Number of protein chains: 2
Amino acid sequence: MTTLQSSIGPLVAELTDLLGERVSTTEAVRDHHSRGELHFGAAPPDVVAFPASTDEVSRIAALCTKHRVPMIPFGAGTSLEGHVSAVQGGVSIDLTGLNRILRLSAEDLDVTVEAGVTRQQLNDHLKTTGLTFFLDPGADATVGGMIATGASGTTAVRYGTIRENVLGLTVVLADGRVIRTGGRARKSSAGYDLTRLMIGSEGTLGIVTEATLRLQALPDAVTSAVASFETLEGAVDTVIAAIQLGIPVARCELVDEVAVEGLNRANNLGLEPAPMVFFEFHGPTERAVEEQAELVKELADDRGGRGFQWASSLEERNRLWRARHEAAYATLTLAPGKKGWATDVCVPISRLAECIRESRADIDASTLLGPIVGHIGDGNFHCLYLYDPDDSAEVDEARRLNDRLVNRALAMGGTCTGEHGIGVGKIASLEKEHGDAIPVMRAVKQALDPEGLLNPGKIFR
Amino acid sequence: MTTLQSSIGPLVAELTDLLGERVSTTEAVRDHHSRGELHFGAAPPDVVAFPASTDEVSRIAALCTKHRVPMIPFGAGTSLEGHVSAVQGGVSIDLTGLNRILRLSAEDLDVTVEAGVTRQQLNDHLKTTGLTFFLDPGADATVGGMIATGASGTTAVRYGTIRENVLGLTVVLADGRVIRTGGRARKSSAGYDLTRLMIGSEGTLGIVTEATLRLQALPDAVTSAVASFETLEGAVDTVIAAIQLGIPVARCELVDEVAVEGLNRANNLGLEPAPMVFFEFHGPTERAVEEQAELVKELADDRGGRGFQWASSLEERNRLWRARHEAAYATLTLAPGKKGWATDVCVPISRLAECIRESRADIDASTLLGPIVGHIGDGNFHCLYLYDPDDSAEVDEARRLNDRLVNRALAMGGTCTGEHGIGVGKIASLEKEHGDAIPVMRAVKQALDPEGLLNPGKIFR
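Residues numbered from 1 in each chain as written. Chains lettered and ligands numbered in written order. Predicted model: local features only at pLDDT ≥ 70, side-chain atom pairs only at ≥ 80, totals over all residues. Heavy atoms only, no water.

**Quick notes on helix H14 (residues 392-411) of chain B**
Every α-helix carries 3.6 residues per turn, so stepping three or four residues along brings you back to the same face. Residues and elements named next belong to chain B. Selection rule: Secondary structure elements are defined from DSSP: runs of H or I of at least 4 residues count as helices, runs of E of at least 2 residues count as strands, and each element is numbered from the N terminus. A helix is expected to span 1.5 Å for every residue after the first. Relative accessibility under 20% of the residue-type maximum defines a buried residue, over 50% an exposed one, and the middle range a partly exposed one, all with a 1.4 Å probe and only protein chains included. Contact between two residues is taken to exist if any of their heavy atoms lie within 4.5 Å; hydrogens are not considered. Whenever two N or O atoms come within 3.5 Å, that pair is a polar contact, provided that in protein one can donate a hydrogen and the other can accept it, and provided that, for residues adjacent in sequence, both atoms are side-chain atoms.
For H14, which comprises 20 residues, the first-to-last C-alpha distance of 28 Å matches the rise-based estimate of 28 Å (1.5 Å per residue) to within 8%. When H14 is considered as a whole, its buried residues turn out to be Glu394, Val395, Glu397, Ala398, Leu401, Asn402, Leu405, Val406, Arg408 and Ala409. Its buried side turned inward, H14 meets strand S16 (339-342), helix H13 (352-364), strand S18 (380-387) and helix H15 (427-434). For H14, the N-terminal capping position is held by Asp391, with its side-chain oxygen 3.0 Å away from the main-chain nitrogen of Ala393.

Here it is, written out as structure tokens:
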């Protein structure tokens with residue numbers, strides 16, 4: 001791992017030759033590229049480059065390799081584990097200029113986009129096609145960013161994570177070579193699965209510049225429902241039973257009693273402070289989604305579910321889901337002025353209620369508030385520790401809670417991160433989880449990036 | 001790539017110390033391990049080892065590395081591209097002794113098995129649980145074999161390929177180290193996706209000894225249907241329309257007019273010689289599957305579908321699907337004494353009808369017969385060239401047809417192999433498809449198997 005700061009001057013000159021005004025060393029721009037949504041660990045790059053094509057990214061990479069300077073891909077800046085901070089300096093490669101939708105095939109339900117296209121931009125583009133890209137990690141992340149972190153979110157329980165929704169990639173390697181992985185066929189056994197090797201590699205193996213994505217038919221019928229439960233176990237058991245029955249629930253999101261309080265505070269909703277589950281059902285006909293909702297209502301009724309409410313009107317549905325989506329931010333109103341430290345362990349669903357209950361008790365016994373929301377069908381949940389980043393006691397308390405949460409999840413056969421990735425924040429957790437496999441990961445890194453210039457300091461120490 | 005045949009004697013002695021009678025150098029056993037179902041390229045190993053645990057596989061690998069002798073994992077021997085032939089000699093590691101089901105969690109819909117467990121064995125074990133493992137590549141392959149080739153089959157259109165159904169692996173590396181990839185969480189962003197790097201790597205990066213698999217709820221209601229179509233386009237367009245409507249078709253299999261003739265010949269079915277599609281629908285209730293079948297019937301009626309027949313009784317359904325499953329073998333009756341050369345290109349579904357039509361014309365203009373069946377919802381189809389392996393003119397003709405088929409699929413944005421893998425048979429095709437990415441695949445291979453001892457001669461030249 002090498003940073004030759006003395007190289008930056010000549011490199012900036014060569015980048016300027018290539019990109020003209022699309023190179024910046026101003027403090028404001030460097031500061032903007034120093035961090036994602038993470039609350040600590042900001043580190044500005046020496047320079048920010050704004051390419052507009054795969055070819056320009058390739059040339060930038062070749063220059064960085066020539067000067068042995070780190071390169072850090074940057075998208076919407078919404079990552080949560082410090083993936084984009086320039087911990088060893090170098091060039092932040094801002095990919096938001098690669099924002100073209102290159103090809104769309106409605107018949108094949110696939111689309112090829114540049115890495116800087118955001119989720120919202122893509123779905124706006126698809127509006128008249130009857131198709132959609134269902135991945136929903138909350139933030140309006142770029143496609144490249146979602147690929148880098150292995151993102152998922154509320155719809156993964158039915159439509160899969162980003163891993164299941166990418167058919168192929170264009171990737172710029174450290175030395176500027178450009179490769180294409182996968183393709184447009186819906187499945188392939190042609191050689192190593194470099195597509196999935198790149199997904200979740202956080203910019204440490206290559207820079208994704210284009211992706212071919214699977215799309216889904218926008219369902220003709222959609223209904224939402226929400227239920228409160230006497231107990232957390234009742235909520236989780238309802239979802240387990242629904243999955244075991246093969247009911248294709250499209251979304252099922254837990255909001256725990258503390259998070260419900262946050263929703264009430266922020267939106268004056270007057271909800272009962274008890275664990276709630278927000279459901280969404282998709283199907284080809286109204287009859288099909290009603291049937292799904294009825295079946296889940298029966299399961300919920302048998303498991304302490306109360307006040308199962310349907311919302312089949314678009315307006316009502318949007319109101320419900322807006323509340324869920326804003327839950328993370330809404331809960332910040334519980335402790336004005338504090339920041340939220342978002343965690344994302346994922347455990348086998350049979351251990352989920354136990355894991356959430358123990359985590360709840362741990363937070364309640366601490367000095368911090370911590371609402372919990374979760375993608376309950378996947379066993380993935382978020383504790384959001386509300387803390388003051390300038391108060392070292394609170395930082396320590398949040399860190400202690402997070403460490404205990406990760407240990408708890410690992411002891412239950414889970415993972416330290418279901419969807420946010422490792423970045424700089426979870427390096428020690430990855431070592432606990434995959435200690436025996438890390439030498440293999442390192443060997444792959446060494447093979448693809450022998451100089452260690454691609455997003456150094458992430459995933460590994 | 002090194003084979004030191006002189007090392008075989010001492011290696012066999014050390015293997016015998018380890019495994020006792022579970023080591024064989026007899027010609028019959030070596031011959032059995034010289035090939036899969038492939039019709040050419042058989043190459044016997046020097047010795048066959050029959051381990052019964054991950055630990056024994058680890059020790060065998062360490063011995064092979066010590067003596068610098070190739071190791072070739074072997075399962076059910078049903079692969080189709082020569083993956084298991086010992087082209088550089090060495091030790092065939094027969095994993096069928098690793099046949100235990102290690103853990104089952106009905107609540108989590110997951111199971112951990114050893115690599116030698118077969119698909120049928122697993123589903124027999126699951127019989128009373130209400131769960132199933134839906135992957136259906138036709139042959140009763142082992143889990144390890146399906147992972148090695150990136151297998152899929154008739155149910156991938158709804159339930160995904162093996163790639164989407166593996167949560168974690170235990171892998172023995174070339175030098176005998178044992179690593180665990182993934183885990184039991186339904187999703188994870190913890191470091192590089194070594195699980196999917198191993199899937200489809202054909203035993204060239206490591207030897208999979210255990211796998212944790214996702215299971216599916218056995219649907220409460222199932223119905224099958226079959227329809228003949230005036231044209232191939234009508235059949236394909238019906239399936240495209242169904243997918244665009246979001247109808248969750250569980251299986252949709254094309255049998256072309258030549259393959260229908262084979263079915264008639266073998267089973268005296270008296271079917272009309274026209275393209276047929278076999279459908280299967282899964283749902284939580286009878287009403288749900290009837291609705292799916294009705295919707296598809298309407299789509300088929302509008303697209304030249306004739307005689308849409310339902311089969312909701314188990315017996316009737318089994319009869320239909322047995323016919324489809326036996327299609328490949330049944331078609332051999334069209335040319336008694338010949339062998340079948342099975343291909344498996346996969347193209348974007350919008351090009352599927354065109355690709356099949358051109359391939360049909362190409363076969364019809366050749367000296368060979370070649371029925372076509374296909375997993376139409378994925379764009380994946382099999383031409384089965386019926387030829388005499390001892391007749392060099394017929395071998396050349398089949399090879400020429402296959403080359404043209406691969407070129408056609410690649411020109412349409414497809415892949416040379418949807419589910420069979422590269423082995424020795426498709427090395428040149430892989431170079432055509434992924435020439436720019438092969439150096440990266442080679443770098444990964446070099447990083448994980450620097451001596452080139454893991455299944456040499458496969459995937460790469």
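**Describing the pattern of salt bridges**
All names here are of chain B. Quick reminder of the rule: By definition here, a salt bridge exists when the distance from a side-chain nitrogen of Lys or Arg to a carboxyl oxygen of Asp or Glu is within 4 Å.
Using the criterion set out here, one finds 66 salt bridges over all chains in the structure. Here Asp193 and Arg196 are joined by a salt bridge, their closest N and O atoms 3.1 Å apart. Each member of the pair, Asp193 together with Arg196, is buried. Measuring nitrogen to oxygen at the nearest pair gives 2.8 Å for the salt bridge that ties Arg306 to Glu272. Here Arg306 is found in strand S15 (residues 305-311), whereas its partner Glu272 is found in the loop between helix H9 (257-267) and strand S14 (276-283), with 34 residues between them in sequence. By relative accessible area, Arg306 is classed as partly exposed at 33%. A residue is classified by how much of its surface remains accessible, and Glu272, at 38% relative accessible area, is partly exposed.

**With respect to the interface of chain A and chain B**
Many analyses report the size of an interface as the accessible area lost when the parts associate. Counted only if it meets this: In short, buried area is how much 1.4 Å probe accessible area vanishes from two parts on joining, totalled over both. Residues are sorted three ways: Asp, Glu, Lys and Arg are charged, Ala, Val, Leu, Ile, Met, Phe, Trp, Tyr, Cys and Pro are nonpolar, and all the rest, Gly among them, are polar.
Between chain A and chain B, the contact holds 84 residues from the first and 84 residues from the second. Of the roughly 6700 Å² buried where chain A meets chain B, counting both sides, 58% is carbon and sulfur surface. Here chain A is connected to chain B by eight salt bridges. Two residues, A:Arg163 and B:Asp193, come together in a salt bridge whose shortest N-O distance is 3.1 Å. Where chain A meets chain B, there are 34 residue pairs in polar contact (both at pLDDT 80 or more). Only strand S9 (178-182), helix H7 (194-198), helix H8 (232-244), helix H10 (286-301), helix H15 (427-434) and helix H16 (438-448) of chain A provide two or more residues apiece to the side of chain A that touches chain B. Across the side of chain A that touches chain B, the residue classes tally to 35 nonpolar, 29 polar and 20 charged.

**A look at the packing of H16(A) against helix H16 (residues 438-448) of chain B**
Defined as follows: Throughout, an axis means a line fitted to C-alpha atoms (over the contacting stretch in the case of helices), and angles, computed between N-to-C directions, take values from 0 to 180 degrees. Orientation labels follow simple angle bins: below 35 degrees gives roughly parallel, above 145 gives roughly antiparallel, 65 to 115 gives roughly perpendicular, and whatever is left gives oblique. In this scheme the crossing of two helices becomes right-handed for a clockwise turn of the near helix relative to the far one and left-handed for an anticlockwise turn of less than a right angle.
Between H16(A) and H16(B), the shortest axis-to-axis distance is 9 Å and the interhelical angle comes to 135 degrees. In terms of orientation, H16(A) lies oblique with respect to H16(B). By crossing handedness, the relation of H16(A) to H16(B) is classed as right-handed. Along its contact with H16(A), which presents A:Val440, A:Ala443, A:Val444, A:Ala447 and A:Leu448, the element H16(B) presents B:Val440, B:Ala443, B:Val444, B:Ala447 and B:Leu448. A per-class count over the contact of H16(A) with H16(B) returns 10 nonpolar, no polar and no charged.

**Overview of the sheet that holds strand S4 (residues 91-94) of chain B**
Residue and element names in this part refer to chain B. For clarity, the threshold we go by: Two strands pair if DSSP finds at least two bridges between them.
Reading across from one edge, S1-S2-S4-S3 is the order of the four strands in this open sheet, with mixed pairing throughout. Strands with a single pairing partner mark the edges of an open sheet, and in this sheet they are strand S1 (23-24) and strand S3 (71-74). Each of strand S2 (47-49), S3 and S4 touches helix H3 (residues 54-67); the most contacted strand, S3, lies at about 155 degrees to it.

**Comments concerning the side chain of B:Glu291**
Summarising the element assignment, B:Glu291 is placed in helix H10 (residues 286-301). B:Glu291 sits in the buried class, given a relative accessible area of 9%. Among the polar contacts listed, one links the side chain of B:Glu291 to the side chain of A:Thr285, at a separation of 2.8 Å. Leave out the neighbours within four places in its chain, and B:Glu291 touches A:Thr285, A:Arg287 and A:Ala288.

**Here's the deal with the sheet that holds strand S10 (residues 207-214) of chain B**
Residue and element names in this part refer to chain B. Taken in spatial order, the five strands line up as S5-S6-S10-S8-S9 in an open sheet, and their pairing is antiparallel. Edge strands, defined here as strands with exactly one partner in the open sheet, are strand S5 (101-105) and strand S9 (178-182). Ignoring which end each strand starts from, the neighbouring axes of this sheet average 10 degrees apart. Across six bridges, the pairing between strand S8 (residues 166-172) and S10 is antiparallel. In the sheet register, Val166 faces S10, and the bridge partner there is Leu213.

**Some thoughts on the relation of the copies chain A and chain B**
Relating the two copies of this chain is a rotation about some axis coupled with a shift parallel to it. Under the convention used in this document: Our superposition of the copies is a least-squares fit, built on the C-alpha atoms of residues whose pLDDT is at least 70 in both.
For the pair chain A and chain B, the relating rotation is 180 degrees, the translation along its axis is 0.0 Å, and the fit reaches an RMSD of 0.0 Å. This pairing of chains is accounted for by a two-fold axis. Comparing interface residues between copies, 100% of those in chain A also lie at the interface in chain B; the contact surface is shared.

**Some points on the pairing of S5(B)**
All names here are of chain B. With four bridges connecting them, S5 and strand S6 (residues 110-114) associate as antiparallel partners. Within S6, the position partnered with Ser105 by the bridge is Asp110. Where S5 folds back onto S6 in an antiparallel hairpin, the turn is made up of four residues, including Leu109, whose phi is positive at roughly 50 degrees.

**A look at the packing of aromatic side chains**
All names here are of chain A. Spelled out, the test is: Note on aromatic pairs: the rings of Phe, Tyr and Trp (six-membered ring only in Trp) are paired at centre separations within 6.5 Å, and the planes decide the class, stacked below 30 degrees, edge-to-face beyond 60, tilted for the rest.
Scanning the entire structure with this criterion turns up 10 aromatic pairs over all chains. Seen from their ring centres, Phe279 and Phe308 are 6.1 Å apart, and the 35 degrees between their planes marks the pair as tilted. Residue Phe279 is located in strand S14 (residues 276-283), and its partner Phe308 is located in strand S15 (residues 305-311); the two are separated by 29 residues in the primary sequence. We classify Phe279 as buried; its relative accessible area is 1%.

**A few points about the side chain of B:Asn123**
Residues and elements named next belong to chain B. With respect to the element layout, Asn123 can be found in helix H4 (residues 119-125). On the basis of relative accessibility, which here comes to 19%, the residue Asn123 falls in the buried class. Of the polar contacts made by the side chain of Asn123, one reaches the backbone nitrogen of Phe133; its length is 2.9 Å. Sequence-distant contacts of Asn123, defined by excluding residues within four places in its chain, comprise Thr132 and Phe133.

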